[in-house]
Amino acid sequence: MNEQQILSAYQYAKEAFKQHGVDTDKALEILSKTPISIHCWQGDDVRGFESPDVALSGGIQATGNYPGAATTPTQLRADMEQAFSLIPGKKRVNLHAIYLDSDEKVERNQIAPAHFSRWVEWAKKHDLGLDFNPTLFSHPLADDGFTLSHPNEEVRQFWIEHVIASRKISEYFGRELGTPSFMNIWIPDGMKDQPVDRLSPRARLADSLDKALAEKIDSKYHKDAVESKLFGIGAEAFTVGSNEFYLAYAATRGTALCLDAGHFHPTEVISDKISACSLYVQDLLLHVTRPIRWDSDHVVSFDDETQAIMREIVRNDLLDRVAIGLDFFDASINRIAAWVIGTRNAQKALLKALLEPTEKLHQAEQAFDYTTRFGLIEETHSLPWSAVWDYHCQQNGVPVGFDWINQVKDYEATVLATR
């Protein structure tokens, strides 16, 4: 469609939503101000730049051999810029500690803000916030399946020092960029078969976290988050950092809680957990991903659960307390296309939630008028929300519809193919 057709379609959609009490302009304003934290590790299959030849560990797998993976920080930033040019709205970038940009090898417990200064310069140039993660996998001191809960005190101390160093980097991001950095802690600790003692590793983990997070950092610059997991490869029978452990930890220590859509039983969904956890935890961090049978980290789809996640945030007025991040890594398709597809799908789901007649739905439910509630929800699916999305893309100067694929293919032919 041309510009005039997109505008005409938007005007029609605006009137259609207005009949249900929905202001599309306001919805677009909120969408434009709500950042999505886009993970850097989709661009290089979670290799990082510390020791790129080290095999992934900690139950993490990136499958596929699509050509063109980034091998340097400069390449990765260029690839992300290409993806960002095709994605509307406000963005953040989520970094792991192994993505340091340093001219010399640095051990993980010695990383410092200086090793990420080029990332900050780049973020300032492109008006991006930065988030951070200590990397507690793919390292010799994590090879036996334990880090912060390790029975060896020296190993635990190494990882405590790594988390402390990571917090300083996260704080640096927040101070330099004027927006708080979420630093998320995930560990692979667990056992392949049934343990005799589940309590001691969890006691050690709680103690290690308390020591690592002891220093108070202004939340204007930095926020700690902890992330649970049900199981992983090599930790099928027992995961130290379970959902119950981290929910209790976040509630009692005042950290944020990270809910990853792939870290629960296949019959569980995080959309149902958001409201419950929000009663006891001030800040929530989401890792929106698409699990297929297990924590497979497929590219985010415009599926039922992605839409349900966004509806829960909007219906409960939690946008100011929930940070939305993505977490997937697919090496079987063009990596830039994966960023574009996944992020645009998350944004579409958020827009669709913002376009719900939320007030009318609440009124019907409070009046026990479940007939109206059900009927209105179903009819809303047919309203022309996609015309609002197209208008949003046009206003942000990014391709409408599938037109972005041509730019991705051109970049693949001229840049990725030369690597």
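Keep in mind that this is a model prediction, so the values were computed, not measured.

A few words now on the overall build of the protein chain. Secondary structure assignment for the protein chain yields 14 helices and 12 strands. With the C-alpha coordinates of the protein chain rotated into their principal frame, the extents come out at 65 × 55 × 40 Å. Sorting the 419 residues of the protein chain into buried and exposed places 57% on the buried side. Long-range pairs, those at least 24 residues apart, make up 80% of the contacts in the protein chain with a sequence separation of at least 6. A total of about 18400 Å² of accessible surface is found on the protein chain, and carbon and sulfur atoms cover 50% of it. The protein chain carries 42 positive and 60 negative side-chain charges, and their two centres are separated by 2 Å.

Before going further, it helps to spend a moment on helix H14 (residues 404-414). Along H14, the residues classified as buried are Trp 404, Ile 405, Val 408, Tyr 411 and Glu 412. Down the axis of H14, the buried side of the element spans an arc of 125°, and every buried residue falls inside it. Facing away from the buried side of H14, by more than 90 degrees, are the exposed residues Ala 413 and Thr 414. Buried residues along H14 sit in contact with helix H3 (73-84) and helix H10 (335-354).

Right, let's talk about the pairing of strand S6 (residues 222-227) for a bit. Taken across its 6 residues, S6 has 5 buried, putting it largely inside the fold. Taken together, the 5 bridges between strand S4 (residues 181-185) and S6 define a ladder with parallel strand orientation. Directly across from Ile 185, in S6, lies its bridge partner Val 226. Both S6 and strand S8 (residues 256-260) contribute to a ladder of 3 bridges, which runs parallel. Paired with Val 226 across the two strands is Leu 257, which belongs to S8.

What follows covers the UniProt feature "binding site: Mn(2+)" (unreviewed entry) in the protein chain. The UniProt entry lists His 263, Asp 295 and Asp 297 under the feature "binding site: Mn(2+)" (unreviewed entry), expressed in the numbering used here. For this annotated set, covering 35 residues, all C-alpha atoms fall within 9.7 Å of each other, a compact arrangement in space. Examined against the element boundaries, Asp 295 turns out to sit in strand S11 (residues 294-298). Within the fold, Asp 297 resides in strand S11.

Moving on: H10. With 20 residues, H10 extends 29 Å from end C-alpha to end C-alpha; this agrees with the ideal 28 Å at 1.5 Å per step. Of all 20 residues making up H10, 18 are buried, and the element is well covered by its neighbours. For H10, the N-terminal cap is Asn 334; the gap from its side-chain oxygen to the backbone nitrogen of Ile 336 is 2.9 Å.

In this structure, Leu 148 and Met 310 are the most contacted members of the largest nonpolar core, which totals 117 residues. A per-element tally of this core places H10 first, with 11 residues. Ala 256, Cys 258, Leu 285 and Ala 323 belong to the second largest nonpolar core, which has 6 residues in total.

Next up on the list: unusual backbone geometry. Notably, Val 46 is not glycine yet its phi reads approximately 65°, a positive angle. Here Val 46 is to be found in the loop between strand S1 (36-39) and H3. A residue is classified by how much of its surface remains accessible, and Val 46, at 5% relative accessible area, is buried. A positive phi angle, near 50°, is found at Ser 138, a position not held by glycine. With respect to the helices and strands, the residue Ser 138 is situated in the loop between strand S3 (129-133) and helix H5 (153-177). Given the relative accessible area of 10%, Ser 138 is considered buried.

About the thresholds
Residues numbered from 1 in each chain as written. Predicted model: local features only at pLDDT ≥ 70, side-chain atom pairs only at ≥ 80, totals over all residues. Heavy atoms only, no water. Helix = DSSP H or I, 4+ residues; strand = E, 2+ residues; numbered from the N terminus. Buried < 20%, exposed > 50% of the residue type's maximum accessible area, 1.4 Å probe, protein only. Contact = heavy atoms within 4.5 Å. Areas by Shrake-Rupley, 256 points an atom, 1.4 Å probe, with all protein chains shown as cover. Lys, Arg positive; Asp, Glu negative; His and termini not counted. Charge placed at Lys NZ, Arg CZ, Asp CG, Glu CD. Arc of directions from axis to C-beta. Pairing = 2+ DSSP bridges. UniProt positions renumbered as here; feature names shortened; annotations may be inferred. Expected span 1.5 Å × (residues − 1). Polar contact = N/O pair within 3.5 Å; in protein donor to acceptor, adjacent residues only side chain to side chain. Core = buried A, V, L, I, M, F, W, Y, C linked by side-chain atoms within 4.5 Å.

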